[in-house]
Protein chains: 2
Amino acid sequence: MLRFGVIGTNFISDWFVGACAGRADVTAVYSRNPDTAKAFASRHGIEKATTKLDEMIAAVDAVYVASPIRAHHQQALTALRAGRHVLVEKTMAGSAKQVGEIQAAAMASGLVAMEAVRNLHTPAYQAIKDALPRLGTLRQADLVKEQYSSRYDAFKAGEVLNAFDPALDNSAIADIGVYPLQPALDLFGVGPIATHGSSVLLDNGFEAAGSLVLGYPDRVATVSWSKITAGVTPSVILGEDGALTIDDIAETSRVTFTPRSGDAEVLFDRAPVSPGETMAGEIESFLAQVDAGASDQHLAALTLASRRIMDAQLAQYHPMPDER
Amino acid sequence: MLRFGVIGTNFISDWFVGACAGRADVTAVYSRNPDTAKAFASRHGIEKATTKLDEMIAAVDAVYVASPIRAHHQQALTALRAGRHVLVEKTMAGSAKQVGEIQAAAMASGLVAMEAVRNLHTPAYQAIKDALPRLGTLRQADLVKEQYSSRYDAFKAGEVLNAFDPALDNSAIADIGVYPLQPALDLFGVGPIATHGSSVLLDNGFEAAGSLVLGYPDRVATVSWSKITAGVTPSVILGEDGALTIDDIAETSRVTFTPRSGDAEVLFDRAPVSPGETMAGEIESFLAQVDAGASDQHLAALTLASRRIMDAQLAQYHPMPDER
């Protein structure tokens, strides 16, 4: 079984270890803080806990990078240069330029570099793709993920936690917007002819909500996201012959098809799943790519295109330094 | 009672005459086709049917302009120059420049020029405005109107009816998009700092569907419309404290408030109304403006701003001749 090392000990890493069960071994964890590393290792029965990144990398076959986005680029390149595959939490890096460097390094070494966008790898998402032909000519999509963050309450009380700190390359578009954006690009086309949008910035410069339009010659999609509101409406994909509604584009439990003149038909219906449960698919995709000896080029293109669109959205507010 | 003359004998004029009952008298109708004019007059018990515009205008106090958009500008100016108020179906004209000319002519003569955007003048819309403070800080809106047109079936069968003819200045954004766009501008602000969008064009150049984003410093709205798909999702307005869902932004029968953590509460609930019924409010607003002796400046600003945004959206595909 492939041996994973984990960078980062936040809740997402806990979910990851859980989702690895029966699929891969998590054999090492790295954190800058020795106590945090030890606690994580002890919690999950992981052999090695270390504050030395090189030491952790040397002990595994692949690295799961779940640090703040700002750290992804350097850590992923370090692992790739040591000959290790990388599965990097979304977004793969803090800029499209950095994403391109990671992808090029992986390709040059015959290694896999994959971004962990878990909602692209679920049975629910497969049900959506399978249903698309029933919509007839695809025309519109309105994909949304608005999730009020408990950390926003802290922010309003004067405490800026990592999740609301732009200095860590965090933003709502990268953290939440990725869930509707990547399906939009996957289903409607990775190369829209026009993209444009606007965001809401908080006083500290944190991008907290936004919307964008993806234009194509024969169809158009809107993507909306937020960490400061709680959405109540489903995502929807419209063709000339019908509509597909998706209760939650990130953690889908229900997909419904409504023909243009006819009654709704539930195509997929499962009890709400936890984010951890939906990570199994992305791990299986990663393992298949490792077996194949190369990154999936369509997924790589999605990763690059979505980060490029995010960069353009954010650059309206924060000019991006040349070196990134 | 104010005497209205009607230009145009399509279904919208039938609705208009019905909505005038008890509010104003419709005493004359103009059409280029004498038989059409006579049939309309006879159907509604209207005294005067004529193919001469000047003759019709001379016989009334105000003119309701419900011809194809391409004809609005000249007809509205003709009525205003004869000293008559004008209520012009949406959109007021085929370009912001023409809208500005109509509004300037009305202002110079102490006359009213109002665009008939019926969903801004309903009890349901008032319920939406009344509920906004409950949302807390407004952050996002996603207002949609997607209405599959039976004329699109004709279009696909090779017959281009007026409703799908761009040569008449018709477009989905003007015909349908106006219903979500004007509330978005009214509720979020008539002067967004950024607007951008994309549309879907049919083979004959007809703009048939689209989306746009309205950006503000502290909020963002998306607006979507279509004549070639049938929408199934509500419109929604999100604040930090809750969500307002609107079953149909054009013909609203249900408005629901959902607090961020709590149960949904229905704020407005009426049996679905016909478009004709929702026209009463706009007629009453027009009559009040006539009594006041001036156009409502906020409504005038909405009319101009929305047409300017439409022009920019359409100009991406059809460069607009200088003279318009």
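Note that the structure is predicted; figures quoted are calculated from it, not measured.

A look at the relation of the copies chain A and chain B
Both copies of the chain are placed relative to one another by a rotation about an axis and a shift along it. In screw terms, the move from chain A to chain B is a rotation of 180° and a rise of 0.0 Å along the axis, fitting with an RMSD of 0.0 Å. Classification of the inter-copy transformation places it as that of a two-fold axis. Relative to the rotation axis, the closest C-alpha in chain A is found at A:His196, a distance of 3.0 Å. A share of 100% of the interface residues of chain A reappears at the interface of chain B, consistent with the copies meeting face to face through the same patch.

Section: the interface of chain A and chain B
Between chain A and chain B, the contact holds 48 residues from the first and 48 residues from the second. Both sides of the chain A and chain B interface together cover about 3,200 Å² of buried area, and 61% of this is carbon and sulfur. In this structure, the connection of chain A to chain B is made through two salt bridges. The partner of B:Glu240 in a salt bridge is A:Lys156, and the shortest N-O contact between them spans 3.0 Å. At the level of secondary structure, the elements contributing two or more residues to the side of chain A that touches chain B comprise strand E7 (138-146), helix H7 (150-156), strand E8 (194-201), strand E9 (207-215), strand E10 (220-226), strand E11 (235-239) and strand E12 (242-246) of chain A. For the side of chain A that touches chain B, the element with the most residues is E8(A), which contributes seven residues. Residue classes in the side of chain A that touches chain B are distributed as 21 nonpolar, 18 polar and nine charged.

A look at the sheet that holds strand E14 (residues 265-269) of chain B
Residues and elements named next belong to chain B. If you trace the eight strands from one edge of the open sheet to the other, you get E8-E9-E10-E7-E11-E12-E13-E14, paired in mixed fashion. One side of each edge strand has no neighbouring strand; the edge strands of this open sheet are strand E8 (194-201) and E14. Neighbour to neighbour, the strand axes of the sheet diverge by 10° on average, direction disregarded. Across eight bridges, E8 lies against strand E9 (residues 207-215) in antiparallel orientation. Looking across to E9, one finds that Val 200 is bridged to Ala 209. With respect to the sheet, helix H6 (residues 123-131) is in contact with strand E11 (235-239), strand E12 (242-246), strand E13 (254-259) and E14, its orientation differing from that of E14 by roughly 150°. Against the sheet, helix H10 (residues 297-315) contacts E8, E9 and strand E10 (220-226), and its axis sits at roughly 120° relative to E9.

Observations concerning the packing of helix H5 (residues 96-109) of chain A against helix H10 (residues 297-315) of chain A
Residue and element names in this part refer to chain A. For the pair H5 and H10, interaxial distance at closest approach is 8 Å and the crossing angle is 160°. By the angle between their axes, H5 is roughly antiparallel relative to H10. The two elements H5 and H10 meet at a crossing, and its hand is left-handed. Within the contact between the two elements, H5 uses Ala 96, Val 99, Gly 100, Gln 103 and Met 107 and H10 uses Gln 297, Ala 300, Thr 303, Leu 304, Arg 307, Arg 308 and Asp 311. Tallied by class, the residues present in the contact of H5 with H10 amount to five nonpolar, four polar and three charged.

Here we look at the pattern of salt bridges
Going through the model one piece at a time under the given rule, you end up with 32 salt bridges over all chains. In this structure, A:Arg219 engages A:Asp218 in a salt bridge whose closest nitrogen and oxygen atoms are separated by 3.6 Å. Note that B:Lys48 is salt-bridged to B:Glu55, the shortest N-O span being 3.8 Å. One network of salt bridges, with partners in common, ties together A:Lys90, A:Asp175 and A:Lys227.

Notes on the domain arrangement of chain A
Residues and elements named next belong to chain A. Domain assignment breaks chain A into domain 1 (3-116) and domain 2 (120-279 + 308-315). Taken over C-alpha atoms, the centre of domain 1 sits 26 Å from the centre of domain 2. Each side of the interface is counted separately: domain 1 has 17 residues, and domain 2 has 17 residues. Counting each side, the surface lost to burial between domain 1 and domain 2 is near 1,400 Å², with a carbon and sulfur contribution of 59%. There are two salt bridges connecting domain 1 and domain 2. Between Asp 169 and Arg 70 there is a salt bridge, and its shortest N-O distance comes to 2.9 Å. Among the elements of the structure, helix H1 (11-20), helix H4 (69-81) and strand E6 (113-116) are those that each provide at least two residues to the side of domain 1 that touches domain 2. The leading source of residues in the side of domain 1 that touches domain 2 is H1, at five residues. Here the residues of the side of domain 1 that touches domain 2 are counted per class, giving 10 nonpolar, three polar and four charged.

About the thresholds
- Residues numbered from 1 in each chain as written.
- Chains lettered and ligands numbered in written order.
- Predicted model: local features only at pLDDT ≥ 70, side-chain atom pairs only at ≥ 80, totals over all residues.
- Heavy atoms only, no water.
- Least-squares fit on C-alpha atoms with pLDDT ≥ 70 in both.
- Contact = heavy atoms within 4.5 Å.
- Buried area = accessible area lost by both parts, 1.4 Å probe.
- Salt bridge = Lys/Arg side-chain N within 4 Å of Asp/Glu carboxyl O.
- Helix = DSSP H or I, 4+ residues; strand = E, 2+ residues; numbered from the N terminus.
- Nonpolar A, V, L, I, M, F, W, Y, C, P; charged D, E, K, R; others polar.
- Pairing = 2+ DSSP bridges.
- Axes fitted to C-alpha atoms, helices over the stretch in contact; angles between N-to-C directions.
- Parallel < 35°, antiparallel > 145°, perpendicular 65-115°, else oblique.
- Left-handed = near helix turned anticlockwise from the far one by under 90°.
- Domains from an automatic or database assignment.

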